[in-house]
Each structure stands twice: as structure tokens, then as C-alpha cells.
Amino acid sequence: MKNKKALNILKEFSMSIGAVIMGLLVSVIFVTISSGNGIGDSISLLFSSIWKGSFGDPAQRIETFVFATPLIFTGLAHAVAFRTGLFNIGVEGQFIIGMLMAALVGMIPGIPSFIHIPLIILGGALGGAVWAGIPGYLKAKFGTNEVVNTIMMNFIAMHFSNYFVYQKFKVEGTVATPIIEKSGQLTRFLGEEYRLSTGIFIAIILVILIYILLWKTTIGYELRAVGLSPDAAEYGGVNIKKNIILAMAISGTIAGIGGAIHVAGVQHQAMQLFGFPNFGMDGIAVALVAKSNPIGVIFSAILFGALNLSAGTLMLFGIPKTISYLIQGVVILFIAAGYIFKWIAEKKKKEATINE
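Residues numbered from 1 in each chain as written. Predicted model: local features only at pLDDT ≥ 70, side-chain atom pairs only at ≥ 80, totals over all residues. Heavy atoms only, no water.

A short note on the overall build of the protein chain
Looking only at helices and strands, the protein chain features 13 helices and zero strands. Here the C-alpha radius of gyration of the protein chain, 21 Å, is about what a compact globule of 356 residues would show, namely 21 Å. Its C-alpha atoms put the protein chain at 75 × 60 × 40 Å along the principal axes. Looking at the protein chain residue by residue over its 356 residues, the buried ones come to 49%. (Helix = DSSP H or I, 4+ residues; strand = E, 2+ residues; numbered from the N terminus. Rg over C-alpha atoms; globule rule 2.2 N^0.38 Å. Buried < 20%, exposed > 50% of the residue type's maximum accessible area, 1.4 Å probe, protein only.)

Digging into the nonpolar core
Formed by 81 residues in total, the largest nonpolar core has its most connected members in I210 and I254. By residue number, the principal contributor to this core is helix α10 (residues 240-267), which donates twelve residues. Those residues in contact with I254 that sit more than four places away from it in its chain are F73, L76, A77, V80, L206 and I210. Counting residues in hydrophobic clusters, the runner-up holds five residues, among them I62, V66, L196 and V266. (Core = buried A, V, L, I, M, F, W, Y, C linked by side-chain atoms within 4.5 Å. Contact = heavy atoms within 4.5 Å.)

Side note on unusual backbone geometry
Phi at K291 is positive, roughly 55 degrees, even though this residue is not glycine. Here S292, not a glycine, exhibits a phi torsion of approximately 55 degrees, which is positive. Mapping S292 onto the fold places it in the loop between α11 (279-289) and α12 (294-316).

Notes on the packing of aromatic side chains
For any pair of aromatic rings, geometry is given as the distance between the ring centres together with the angle between the planes. Scanning all chains against the criterion turns up ten aromatic pairs. The interplanar angle of 45 degrees and the centroid separation of 5.1 Å between the aromatic rings of F95 and F279 together place this pair among those described as tilted. Residue F95 is found in helix α4 (residues 91-106), and its partner F279 is found in helix α11; the two are separated by 184 residues along the sequence. Residue F95 shares its accessibility class with F279, and that shared class is buried. With 5.0 Å between their ring centres and 40 degrees between their planes, F189 and F201 make a pair best called tilted. Linking F189 in the loop between α6 (146-168) and α7 (199-216) with F201 in helix α7, this pair joins segments that are twelve residues apart in sequence. Taken together, the aromatic side chains of W131, F160, Y163, F164 and F169 make up a single cluster linked through ring pairs. (Phe/Tyr/Trp six-rings, centres within 6.5 Å; stacked < 30°, edge-to-face > 60°.)

Some points on the environment of L104
Mapped onto the elements, L104 comes out in helix α4. Of the residues examined, L104 reaches a relative accessible area of 23% and is grouped as partly exposed. Expressed as a C-alpha distance, the spacing of L104 and I180, which sit 76 residues apart in the sequence, is 8.1 Å.

Details of the packing of α7 against α10
In the contact formed by α7 and α10, the axes pass within 11 Å of each other and the chain directions differ by 170 degrees. One way to sum up the angle between α7 and α10 is to call them roughly antiparallel. Contacts from G199, I202, L206, I210 and L213 of α7 reach α10 at I250, I254, I257 and I261. A per-class count over the contact of α7 with α10 returns eight nonpolar, one polar and no charged. (Axes fitted to C-alpha atoms, helices over the stretch in contact; angles between N-to-C directions. Parallel < 35°, antiparallel > 145°, perpendicular 65-115°, else oblique. Nonpolar A, V, L, I, M, F, W, Y, C, P; charged D, E, K, R; others polar.)

Shown next, in the form of C-alpha cells:
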């Protein structure tokens, strides 16, 4: 039984593992062209530079987990939406609103730490839930496309955040809000010289809770049923509209908490944004590689966190830092291709069944 379960898990993630390997192999070709080295030397150069840039010493290893922590939240947010058959491209904006809410709540003085930190997390969760709930309601009520609506909400979130940061709470001579109160800052348990905070434990706890929600509760069963086949789910008595709104709200809540944790644990202030932080966009890749499995999101986030961190180190070895983004792009491309082939195979199977 255990061997069969392990085989099923391996089969589920085989496409993701293959996509990562292909991404690395394609990148080796570009490293060979740019460096002028042979294939063997290029493989050694690429792998060693990525390793040294992300896990080469204790400081780099710790920073890799700093980079991975927000990706766990955004990857998990996308995973919930994907499981329900939704494309919540607005995770980026929901993360930004979470950061803004954390900064605003975090500046309130005179609150004990054991109350202040939960308030910051709650503020981020509510902000993200509302920001995702709006396009969720529009889709459920009027049938609008959640992709278009959530993309627009991203830009609104960025400019909305900038209004508060730059016009209302900016510190003179900066483009950021004041530092949040000490009582609102998460503990950096490895020392103040490192940026890793207890936020990573909150991320892991949330992963476990979402896994339980999706696979051990009636709510999770209904969400997954809507994602697998809305018509069959509705025939079985599942309220499609309610679950669309619920899935978007849960997804936004997770993203908002991620933004709040990022401010409370790493930034300690909200900053004026001249572009998207890209945690939400990278979260799409994290969820795809993890096959929308909450537990898989942890490992996928570490992978992408390592690639993002090592981008700067690649340049020291004469490799363009864009190689790390190339790897991510190729991985997504191969995973998307896998889904397309799967869809074509299922379509042919259905046609063959009908013809019989």
C-alpha cells in the first residue's frame, strides 16, 4: 500500500520534475553560448553558481528561505484558486493590499505584541479577502472573466497603496511609511543580522490548514468538485456561485496574510511601488510546479526562491542573471505543454468513446 502511494505521488509530480530538468538543460545551452565553454564546463558552471548563490553558505541558505516565504503564501493562494478552476491573477494585488494593511495597522502605537501581530495578520487577511472577493462576486453574479478583473485590480492595488504611502504617511526624504512599531515586528529567531522571521512557520502552518481544508472537509470537497466539473458539481447539489466567491476569498486571504507577514517580518514598512513586487506572479509558477498541491508548494517555493536569490551571484561567474528567469520560464512552458497534451489526449479519448 505504501509503495503504491509513493508511486502515485511520484507519478503526480513527474511532469514537474521533468519540466525542471528540461529548464536546466535548456539553460545550459544558453550558458554554453554566452560563456564559450564546452557543455560539461557549462553544466558545472551553472549548477555550481546556482548552488553557491542559494545554499553555498549559512547566510545564503537563510536568505533563500527569506525569498521562499512570500512565495509559499502566493503559491498557496494560486493553488486554492486553481483547484476550484479559477485563475486568480490578482494575487499580486492582494499581496500588495496585505502589505499596505500591515503597515497601517503596524504603525498604531501602544498595543502589546501578542495583540499587535495578530491584528496585523488579520488586517492583511481582510484586505486580501475583500480585494479578491470583488472579482469573485462579479464572476459569480454576472459571469465576468476573473482573469481580466483581477489583472485590473492589481494595478488599482498598486496605485491605491502608493497613494497612502506617498501622500498620507510618507516619511520626509523617503518614499516609504514609517517603520512599524516594535510590537508589530515578527521575531527574527536566528538573530537580527538575518532577515528570516517566524513568518516562515506561519506559512507552513497555513499550508497544513489549507491541505486539511481541501482534502478533509466538506467545504474542500465542494471546492475541488467545482474545479473538476462545475456541471457535475451543480447536478450533485453544490452551489457553484457560493464556492466561486468562497474560493476567491480564501485565495485572497492567503495572499493578504503573505503581504502582511512580509512587512511584519522583513520590510517593516510599506514602500512606494514603481512596479509589481512580482511575488504574486512568481506564485503562479510555484503553484504550477507544485501541481496545486499545498505540501508541494513548500518545495516549489524553495526552488524558485533559490533561483531568484542566485540571479545576482550568476553575474559573478560571467553568466547573465536572466538565466535564472529563463529557467523559470522554460519550466512553466513545459508544464503548460504537459497540460495541453493531457487535454488533447482526454479529448481524443472522449471522441473515441462517442464513436464506439
